[in-house]
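The chain contents come next:
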Amino acid sequence: MSVTTTATAPATHAATADRTACAPLPVLGRDVTVPLVTGGDVTYAALDYAASAPALQRVWDDVAAYAPYYGSVHRGAGYLSQLSTDLFENARRTVAEFLGCRAADQVVFTRSTTDSLNLLARALPAGCQVFVFETEHHASLLPWRDAQVTFLDAPRTPRQAVETLERALTDRDPHGPALVCVTGASNVTGELWPVRELAAAAHAHGARIVLDAAQLAPHHPVSVRDLDVDWVAFSGHKLYAPFGSGVLAGRADWLAAADPYLAGGGASRKVTRREDGGVAVEWHESAARHEAGSPNVIGAYSIASACKALTEAGFDTLVARERHLIDTVRAGLVEVPEVRILSLFGDDAPRVGVISFVVEGWNSSHFAAALSAEYGIGVRDGLFCAHPLVRTLLGADPGTQGECGAPEAAPGEKSLIAIRVSFGAGTPDEHVERFVRAVRELVRDGAKWRYRTEDGRCVPAV
């Protein structure tokens, strides 16, 4: 059997494809039916892509074809081990091509975006200053515990974001290392950030920049070279690839100079006993330095398969179709006066398929529960692991406490959380149309069922 993950460079197209030229990409679960509390079943509308996108059928098929040939990586002389090692390293090359990496860049496989950014945080040089906007997901906001961190206020325009960063960098110690961490697309509003301009500002002031592409990479092409970022991080489970893998790709110097993220086999090149009875270790300088232990081969392969599938589908076509879905949802929500869409940069800002909103007179958890129980629609309610941003958008006291994704009020009470609908390459038109119709009916007619709070969640009363 031959298993390959070789991919071509991301395709470009001279003209924007019409959305009808691209049907939804086949994903797992597209035919799953769920029961409704009001009776009967309905095909499940998965509209929580920003949390975890369904796996592409192509990815699942590739993994299933490889699974019988699974073997240890980098440690075996047998055929299956050699095959698995080749597949694992080919996956690294596929991801590098997908991300437009430079020749000297490294691709390190991790568990997730959170893991990737914690790895980078561990690799920061001594005295490094970190600059991060309050608008970041907690994966980008929280890892920098051992650094001097400057948290920047939420900007209200892309230009203001660049100006805010420039002012902060002007005031920093110009002689020490510095890192800027920024999202490519907000996991709350879906709005695209001016990454190229922020990278230029960072470099002009002697700082480096890491891009959190968890929400960007599944929707738009991401090129390390074109955006001129130093690192990029993303998660497989948002890129239509299951199995708990992520990527940190970019410059090798800080990574090679840092102690291994984990100490163990695979990260070590040579281990010997010293005369004093201790152990001397020579660590790898390649990506293996931070990949100790038996790697998640299937996870890495699934990411590579997803990269290849999205490349072959063509991002121009995928983006054009997603814009249609975004327009459908936003137009439908705007028609309901009780709905307020959350936004930093305004209605005309370019965005991916992530939209958060609140409904006047409704607890957000209650509304999300009704969408699920009465319409078979899965959305997200809460603070979306971006507490400062959501509270800023809702006008709440930034010091108010709240657990990620947990409601803070019972049905009918004031809620300081929001509802998020998100979609992507596998979303049929019918799912977003059903969502818009359900919002309109719930606001007009109210819920058809009674709900109660159970373990911090709003659920149908039995």
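Please read these numbers as outputs of a predicted model, since none were measured by experiment.

Trainee: What is the right way to read unusual backbone geometry from this model?
Mentor: Glycine aside, residues mostly have negative phi, and peptide bonds are mostly found in the trans state. If you check the backbone angles, C385 has positive phi at about 50 degrees while not being a glycine. On the secondary structure map, C385 appears in the loop between β16 (380-382) and α12 (387-394).

Trainee: Just to check I follow, could you spell out the sheet that holds β16 for this structure?
Mentor: Whether parallel or antiparallel, the strands of a sheet pair through hydrogen bonds between backbone atoms. Taken in spatial order, the four strands make up an open sheet running β13-β14-β17-β16, and their pairing is antiparallel. Of all the strands in the sheet, just β13 (339-341) and β16 have a single pairing partner and so form its edges. Geometrically, the sheet is characterised by an average inter-axis angle of 30 degrees between neighbouring strands, direction not taken into account. One ladder, built from three bridges, connects β16 with strand β17 (residues 418-422); its direction is antiparallel.

Trainee: Just to check I follow, could you spell out the sheet that holds strand β4 (residues 106-110) for this structure?
Mentor: Read from one edge of the open sheet, seven strands run β4-β10-β9-β8-β7-β5-β6, paired in mixed fashion. Looking at the sheet topology across the chains shown, the edges are occupied by β4 and β6 (148-152). Geometrically, the sheet is characterised by an average inter-axis angle of 20 degrees between neighbouring strands, direction not taken into account. Pairing between strand β5 (residues 129-133) and strand β7 (residues 178-183): four bridges, direction parallel.

Trainee: Could you clarify how one ought to interpret the pairing of strand β18 (residues 451-454) in this entry?
Mentor: On a regular strand, each side chain points to the face opposite its neighbour's, so the side chains alternate between the two faces of the sheet. Relative to strand β19 (residues 457-460), β18 is paired through four bridges, and the arrangement is antiparallel. Paired with T453 across the two strands is C458, which belongs to β19. Between β18 and the antiparallel strand that follows it, β19, lie two residues; D455 among them carries a positive phi value of about 55 degrees.

Rules and cut-offs
Residues numbered from 1 in each chain as written. Predicted model: local features only at pLDDT ≥ 70, side-chain atom pairs only at ≥ 80, totals over all residues. Heavy atoms only, no water. Helix = DSSP H or I, 4+ residues; strand = E, 2+ residues; numbered from the N terminus. Pairing = 2+ DSSP bridges. Axes fitted to C-alpha atoms, helices over the stretch in contact; angles between N-to-C directions.

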